[in-house]
Amino acid sequence: MLTAEDKKLIQQTWGKLGGAEEEVGAEALWRMFHSYPPTKTYFPHFDLSQGSDQIRSHGKKVVAALGNAIKNLDNLSQALSELSNLHAYNLRVDPPRFSLQFLSQCLQVALATRLGKEYTPEVHSAVDKFMSAVASVLAEKYR
Amino acid sequence: MVHWTAEEKQLIASVWGKVSVEQCGAEALARLLIVYPWTQRFFSSFGNLSSPTAIISNPKVRAHGKKVLTSFGEAIKNLDNLKGTYCKLSELHCDKLHVDPENFRLLGDILVIVLAAHFTKDFTPACQATWQKLVGVVAHALAHKYH
């Protein structure tokens, strides 16, 4: 469960990105495709080469959704409701706990490479919990 | 047997050469206990684990983290025989310590994040991919003797 402290840390951390959110999104996706090649199977229609416009624009979408979730930490279910439908009925990505685990890992690495020491154990814990909560919500309607 | 390209070996060696095993090991283990608190179940004899600060400064955590990462160093010296290298440790974790191998994956992922925070932009996507592969095969080797 996200504590008040977790929520504060998440919002602060996101705030530190200062406009670089989209870059972070694209980088997280690129890292994910590179470290976990099976995740590419969900994007056969994409140009997955480094720096591709599609990765950039999809990274931007992902980050916008996460940013929105971060503004609505007290009601993730509602904030992510549309996305939850999309993932369950349309995209049918394997239960998000697996895919999000890879995206979560790569997003955290992207954050850690930017924040260095500021990616403290407490921040790490809060972000990990947040991504886990997002994964749960996205998986709600799978069956 | 796992195949390592020359580039992968180079990425592993160059990162490892700059790592303080003591510092990095302590940090990785502390983060495991902080981010995934249920893992504390294996360390009930370690004393005060009541808060992130307590965990980070706990001398037993630091010492054990160093031990764990030192063992990782052995794996790096024996990339072509990880299962052999970890045979005894695998039996130990199964028969004596009763550790669910899922925990190896968790620690591996945490180690990658610790490296990312340490090396910042030098921890490139190629670097991460190689290290994710390494922690994955180490976890696999450690789980190999489970029965």
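All values derive from a computational prediction rather than experimental measurement.

### What to know about the packing of aromatic side chains
Residue and element names in this part refer to chain A.
- Counting across every chain of the model gives nine aromatic pairs over all chains.
- Aromatic side chains Tyr 36 and Phe 102 sit 4.1 Å apart centroid to centroid with 20° between the ring planes, which places their arrangement in the stacked category. In this pair, Tyr 36 sits in the loop between helix H2 (21-35) and helix H3 (53-71) while Phe 102 sits in helix H6 (residues 96-115), placing the two residues 66 residues apart along the sequence.
- Under the relative-accessibility criterion, Tyr 36 is labelled buried at 12%.
- Note on Phe 43 and Phe 46: the rings are 5.0 Å apart at their centroids and 50° apart in plane angle, and the pair reads as tilted. By the burial criterion, Phe 43 is buried, and Phe 46 matches it.
- Taken together, the ring pairs in this structure connect Phe 33, Phe 43 and Phe 46 into an aromatic cluster.

### A word on the interface of chain B and chain A
- With 22 residues of chain B in contact, the opposing surface of chain A contributes 21 residues.
- Each partner contributes to the roughly 1800 Å² buried at the junction of chain B and chain A, and carbon and sulfur atoms together form 58% of this total.
- Applying the counting criterion to the chain B and chain A interface returns zero salt bridges.
- Inspection of the chain B/chain A interface yields ten residue pairs in polar contact (both at pLDDT 80 or more).
- Every element with two or more residues in the side of chain B that touches chain A is listed here: helix H2 (21-35), helix H3 (52-57), helix H7 (102-119) and helix H8 (125-143) of chain B.
- Sorting elements by how many residues they give to the side of chain B that touches chain A places H7 of chain B first, with seven residues.
- Taken together, the residues of the side of chain B that touches chain A break down into 14 nonpolar, four polar and four charged.

### Here we look at unusual backbone geometry
- Its identity is not glycine, yet Arg 92 of chain A carries a phi of approximately 45°, on the positive side.
- Take Arg 92 of chain A: it is sitting in the loop between helix H5 (81-91) and H6.
- Not every positive phi belongs to a glycine, and Thr 120 of chain B is a case in point at roughly 40°.
- For Thr 120 of chain B, a relative accessible area of 25% corresponds to the partly exposed category.

### Some details on the pattern of salt bridges
- The final tally for this structure, using the stated rule, is 13 salt bridges over all chains.
- One salt bridge in this structure joins Glu 22 of chain B and Lys 66 of chain B, with 3.9 Å as the shortest N-O distance. On the criterion of sequence distance, the pair formed by Glu 22 of chain B in helix H2 and Lys 66 of chain B in helix H4 (residues 59-77) is long-range, its members being 44 residues apart.
- On the accessibility criterion, Lys 66 of chain B (38% relative accessible area) is partly exposed.
- As a salt-bridge pair, Lys 77 of chain B and Glu 74 of chain B come within 2.9 Å of each other at their nearest N and O atoms. With Lys 77 of chain B and Glu 74 of chain B both in helix H4 and three residues apart, the pair spans about one turn of that helix.
- You can call Lys 77 of chain B exposed: its relative accessible area is 64%.
- On the accessibility criterion, Glu 74 of chain B (36% relative accessible area) is partly exposed.
- Where salt bridges share partners, they join Glu 23, Glu 27, Arg 31 and Arg 114 of chain A into one cluster.

### Topic: H7 of chain B
All names here are of chain B.
- Counted at 1.5 Å a residue, the expected span for H7 with its 18 residues is 26 Å, and the 26 Å between its end C-alpha atoms agrees.
- H7 sits mainly inside the fold: 14 of its 18 residues count as buried.
- Directly beyond the C-terminal end of H7, a positive phi value near 40° is found at Thr 120.

### Topic: the UniProt feature "domain: Globin" (unreviewed entry) in chain B
- The residues that UniProt annotates with the feature "domain: Globin" (unreviewed entry) are residues 3-147 of chain B.
- Helix makes up 71% of residues 3-147 of chain B and strand makes up 0%, while its end C-alpha atoms are separated by 26 Å.

### Observations regarding the side chain of Arg 31 of chain A
- The residue Arg 31 of chain A is located in helix H2 in this model.
- A polar contact of 2.6 Å, which involves the side chain of Arg 31 of chain A, links it to the backbone oxygen of Phe 123 of chain B.
- Polar side-chain contacts of Arg 31 of chain A include one of 3.1 Å to the side chain of Gln 128 of chain B.

### Focus on the packing of helix H1 (residues 6-17) of chain B against H8 of chain B
Residues and elements named next belong to chain B.
- For the pair H1 and H8, interaxial distance at closest approach is 9 Å and the crossing angle is 90°. In this view, H1 runs roughly perpendicular relative to H8, as classed from their interaxial angle. Touching Glu 7, Glu 8, Leu 11, Ile 12, Val 15 and Trp 16 of H1 are Ala 126, Cys 127, Thr 130, Trp 131, Lys 133 and Leu 134, all from H8.
- Considering only residue class, the contact of H1 with H8 consists of eight nonpolar, one polar and three charged.

### Concerning the environment of Val 15 of chain B
All names here are of chain B.
- Considering the arrangement of structural elements, one finds Val 15 in helix H1.
- A relative accessible area of 5% places Val 15 in the buried class.
- Residues contacting Val 15, with those up to four places away along its chain left out, are Leu 115, Phe 119, Cys 127 and Trp 131.

What counts and how
- Residues numbered from 1 in each chain as written.
- Chains lettered and ligands numbered in written order.
- Predicted model: local features only at pLDDT ≥ 70, side-chain atom pairs only at ≥ 80, totals over all residues.
- Heavy atoms only, no water.
- Phe/Tyr/Trp six-rings, centres within 6.5 Å; stacked < 30°, edge-to-face > 60°.
- Helix = DSSP H or I, 4+ residues; strand = E, 2+ residues; numbered from the N terminus.
- Buried < 20%, exposed > 50% of the residue type's maximum accessible area, 1.4 Å probe, protein only.
- Contact = heavy atoms within 4.5 Å.
- Buried area = accessible area lost by both parts, 1.4 Å probe.
- Salt bridge = Lys/Arg side-chain N within 4 Å of Asp/Glu carboxyl O.
- Polar contact = N/O pair within 3.5 Å; in protein donor to acceptor, adjacent residues only side chain to side chain.
- Nonpolar A, V, L, I, M, F, W, Y, C, P; charged D, E, K, R; others polar.
- Expected span 1.5 Å × (residues − 1).
- UniProt positions renumbered as here; feature names shortened; annotations may be inferred.
- Axes fitted to C-alpha atoms, helices over the stretch in contact; angles between N-to-C directions.
- Parallel < 35°, antiparallel > 145°, perpendicular 65-115°, else oblique.

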